[in-house]
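Descriptive analysis of the structure
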Amino acid sequence: MARTQGSHSDITGPRVREAALKLFARHGYAAVSMRRIAAEVGVQAGALYNYTPDKQSLLFSLLEGHMTDLLGALDAAQRTGPALARLERFVRFHIAFHLNRPDAVFISYMELRNLEPAHFQVIEGLRRTYEDALEDILRAGRAEGVFDMADTKIATLGLIAMLTGVTTWYRPGGRLSADEVAGVYWDMARRAVAA
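Residues numbered from 1 in each chain as written. Predicted model: local features only at pLDDT ≥ 70, side-chain atom pairs only at ≥ 80, totals over all residues. Heavy atoms only, no water.

A closer look at the overall build of the protein
Within the protein one finds eight helices and zero strands. Helices and strands appear in the protein in the N-to-C order α-α-α-α-α-α-α-α. Its C-alpha atoms give the protein principal-axis dimensions of roughly 70 × 40 × 30 Å. Taking all 195 residues of the protein together, 42% fall into the buried category. Here the analysis covers contacts within the protein between residues at least 6 apart in sequence; of these, 68% occur between residues at least 24 apart. As presented, the protein carries roughly 10,300 Å² of accessible surface, and 54% of it is formed by carbon and sulfur atoms. (Helix = DSSP H or I, 4+ residues; strand = E, 2+ residues; numbered from the N terminus. Buried < 20%, exposed > 50% of the residue type's maximum accessible area, 1.4 Å probe, protein only. Contact = heavy atoms within 4.5 Å. Areas by Shrake-Rupley, 256 points an atom, 1.4 Å probe, with all protein chains shown as cover.)

Here we look at the pattern of salt bridges
Inspection of the entire model under this criterion finds ten salt bridges. Of the charged contacts, one joins Lys22 and Glu40 as a salt bridge, the two residues approaching to 2.5 Å between their closest N and O atoms. With a gap of 18 residues between them, Lys22 in helix α1 (residues 9-27) and Glu40 in helix α2 (residues 34-41) connect regions that are remote in the sequence. Here Lys22 falls in the partly exposed class, since its relative accessible area comes to 33%. Here Glu88 makes a salt bridge to Arg92, at a shortest N to O gap of 3.0 Å. Here Glu88 pairs with Arg92, and both are found in helix α4 (residues 83-99), just four residues apart, close to one helical turn. Since its relative accessible area comes to 26%, Glu88 is described here as partly exposed. Residue Arg92 is classed as partly exposed on the basis of its relative accessible area of 32%. (Salt bridge = Lys/Arg side-chain N within 4 Å of Asp/Glu carboxyl O.)

What about helix α3 (residues 55-73)?
Along an α-helix, a turn takes 3.6 residues, which lines up residues three or four apart on a common side. Taking 1.5 Å of rise per residue, the 19 residues of α3 would be expected to cover 27 Å, and the 27 Å separating its terminal C-alpha atoms lies within 8% of that figure. Buried within α3 we find Lys55, Gln56, Leu58, Leu59, Phe60, Leu62, Leu63, His66, Met67, Leu70 and Leu71. Between a side-chain oxygen at the N-terminus of α3 and the backbone nitrogen of Gln56 the separation is 3.3 Å; the capping residue is Asp54. (Expected span 1.5 Å × (residues − 1). Polar contact = N/O pair within 3.5 Å; in protein donor to acceptor, adjacent residues only side chain to side chain.)

Looking at the packing of α3 against α4
Packing of α3 against α4 leaves a shortest axis separation of 11 Å and a crossing angle of 140°. The hand of the α3/α4 crossing is right-handed. Between α3, through His66, Asp69, Leu70 and Ala73, and α4, the contact on the second element is made entirely by Phe93, Phe97 and His98. Here the residues of the contact of α3 with α4 sort into four nonpolar, two polar and one charged. (Axes fitted to C-alpha atoms, helices over the stretch in contact; angles between N-to-C directions. Left-handed = near helix turned anticlockwise from the far one by under 90°. Nonpolar A, V, L, I, M, F, W, Y, C, P; charged D, E, K, R; others polar.)

A word on a nonpolar patch on the surface
Together, Phe106, Tyr109 and Met110 make up a nonpolar patch on the protein surface, roughly 270 Å² of accessible area in all. Following the sequence through the fold, Met110 ends up in helix α5 (residues 102-110). (Patch = residues over 30% accessible without salt bridge, like charges linked within 9 Å, V, L, I, M, F, W, Y side chains within 5 Å.)

What to know about the nonpolar core
In this structure, Phe24, Ile37, Leu87, Tyr130 and Leu138 are the most contacted members of the largest nonpolar core, which totals 57 residues. Elements with a minimum of two residues in this core: α1, α2, α3, α4, α6 (117-144), α7 (152-164) and α8 (178-192). Ile37 has contacts with Val16, Ala19, Ala20, Leu23, Phe24, Val32, Leu48 and Leu58, leaving out every residue within four places of it along the chain. (Core = buried A, V, L, I, M, F, W, Y, C linked by side-chain atoms within 4.5 Å.)

Some thoughts on the packing of aromatic side chains
Counted under the stated rule, the structure contains five aromatic pairs. Relative to Tyr29, the ring of Phe24 lies with its centre 5.2 Å away and its plane at 65°, an arrangement referred to as edge-to-face. The two residues Phe24 and Tyr29 agree in class, both being buried. Ring geometry for Phe93 and Phe97: centres 5.7 Å apart, planes at 35°, overall tilted. (Phe/Tyr/Trp six-rings, centres within 6.5 Å; stacked < 30°, edge-to-face > 60°.)

Topic: the confidence of the model for the protein
Confidence in the prediction for the protein averages 91 pLDDT; 93% of positions are at 70 or higher. Counting contacts from residues 1-7, a segment whose pLDDT is below 50, to residues more than four positions away or on other chains yields nine contacts. (pLDDT = per-residue confidence, 0-100.)

Set out below in structure tokens:
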């Protein structure tokens, strides 16, 4: 079958990923077929296999890309300085990064269950690296005497869940700006670790 007019790898590849991300977020991985992704992009279903071996690989690529981008954007400066300042930088970074990617955040949490075990292990490892960055801050704050919590691991998971949850309700143009929301979340995070 002839290639769809205007289909070029440097254009179509990113469009395949964008379409899959949107469709997985709206309808769920299990409900979205490769044919549906192809229709969204405007190419024949068989053309998708020029960009991904299969739907599982596409899901893994989206989740891995999100985590790689997140870890790459996590500023090394967030690993130096007093723990309270580092925690504030982490909170504000996390919210700013995630507010711009609600679909990626949604599938990163909701579609983990659909990953094959080997893919799941890779994503879990990347998530653990990110969690460790926050837990290092909490441990440092406890050692400095500015944070008071019984378990830094549970506090880490609780804070990340709270911070990531903002993507489920925040809408640009609402009552508060993204910066104001980050300020409110920073205050809640600070209180959560008894700073």
